[in-house]
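Observations on the model geometry
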Amino acid sequence: MSERPRLTVLSGPSGVGKSTVVAHLRKEYPEAWLSVSATTRKPRPGERHGVHYFFATDEEMDKLIANGELLEWAEFAGNRYGTPRAAVLERLEAGEPVLLEIDLQGARQVRESMPEAQLVFLAPPSWEELVRRLTGRGTEPPEVIERRLRAAKVELAAEPEFDVTLVNTSVKDVARELLALMDVV
Ligand SMILES: Nc1ncnc2c1ncn2[C@@H]1O[C@H](COP(=O)(O)OP(=O)(O)OP(=O)(O)O)[C@@H](O)[C@H]1O
Ligand SMILES: Nc1nc2c(ncn2[C@@H]2O[C@H](COP(=O)(O)O)[C@@H](O)[C@H]2O)c(=O)[nH]1
């Protein structure tokens, strides 16, 4: 039986490539289970309710928080995001590896409530490349990009709090490294 933590948290600045890496990881290993977060952010083109996020109104998010249904939650760049607790606990109780893709504030909350969790920081090859990726994605207006880049400076400074850092130079390589850390390959 594995001694490794079964809960892995992937964090890193906006635009570093977390979703891209996770999408690749799931192509390589479709059994890997990723928690679907709730958010008050509006869907981007192509994002589907229940697949990419559970898109919620402010009132729905208030209720999720008040009812203790979120394992962690945070406000990030003007929207709220949270991890539905029940689905994560069910998977962990079944002995299955669980992956969360969340921001720094959420990662800190998970560290408090589940100290056995493995915290993985995804870092950009450089600041310039992070700006290029976030801008090049073309999903946010300039003022939101600015806001996310301000948050990115705080997130980058928190890297030493994490158990492991992976530098996202190659999506394929990082996805493989993450699968190995999750102990599923
Ligand atoms: N290794 C890489 N090399 C080059 N471009 C990359 C790499 N990884 C991701 N990208 C590109 O960077 C952009 C941002 O990636 P992605 O949306 O996955 O970031 P994210 O960390 O999930 O962002 P957010 O936290 O804002 O959701 C995308 O356009 C993606 O195609
Ligand atoms: N604390 C949490 N952060 C989350 C959660 N789901 C996603 N996120 C993080 O929010 C930002 C912005 O995401 P975006 O999809 O709007 O670009 C990013 O860092 C995500 O990792 C969550 O449940 N809790």
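We now turn to the structure provided with this report. Fair warning: this is a prediction, and the values are worked out from it, not measured in the lab.

**Brief notes about the side chain of Glu47**
Here Glu47 lies in the loop between strand 3 (38–39) and strand 4 (54–55). A distance of 3.0 Å separates polar atoms of two side chains, one belonging to Glu47 and the other to Arg41. Apart from the residues within four sequence positions on either side, Glu47 is in contact with Arg41, Lys42, His52, Tyr53 and Phe55.

**What about the site of ligand 1?**
Around ligand 1 lies a shell of 14 residues, among which Ser14, Lys18, Ser19, Thr20 and Arg137 are the nearest. Between ligand 1 and Ser14, the relevant distance is 2.5 Å, taken from an oxygen atom to a side-chain nitrogen or oxygen of the residue. At a separation of 2.5 Å, an oxygen atom of ligand 1 approaches a polar side-chain atom of Thr20. When ligand 1 is considered free in solution it has 650 Å² of accessible area, and contact with the protein chains removes 76% of it. Among the cavities detected, the one that contains ligand 1 is the largest pocket.

Reading the values: the criteria
Residues numbered from 1 in each chain as written. Chains lettered and ligands numbered in written order. Predicted model: local features only at pLDDT ≥ 70, side-chain atom pairs only at ≥ 80, totals over all residues. Heavy atoms only, no water. Helix = DSSP H or I, 4+ residues; strand = E, 2+ residues; numbered from the N terminus. Polar contact = N/O pair within 3.5 Å; in protein donor to acceptor, adjacent residues only side chain to side chain. Contact = heavy atoms within 4.5 Å. Near = heavy atom within 4 Å. Areas by Shrake-Rupley, 256 points an atom, 1.4 Å probe, with all protein chains shown as cover. 1 Å grid on protein atoms, 1.4 Å probe; cavity = no way out; pocket = protein on both sides within 12 Å on 5 of 7 lines; lining within 4 Å. Sits in = over half its atoms within 2 Å of the grid points.

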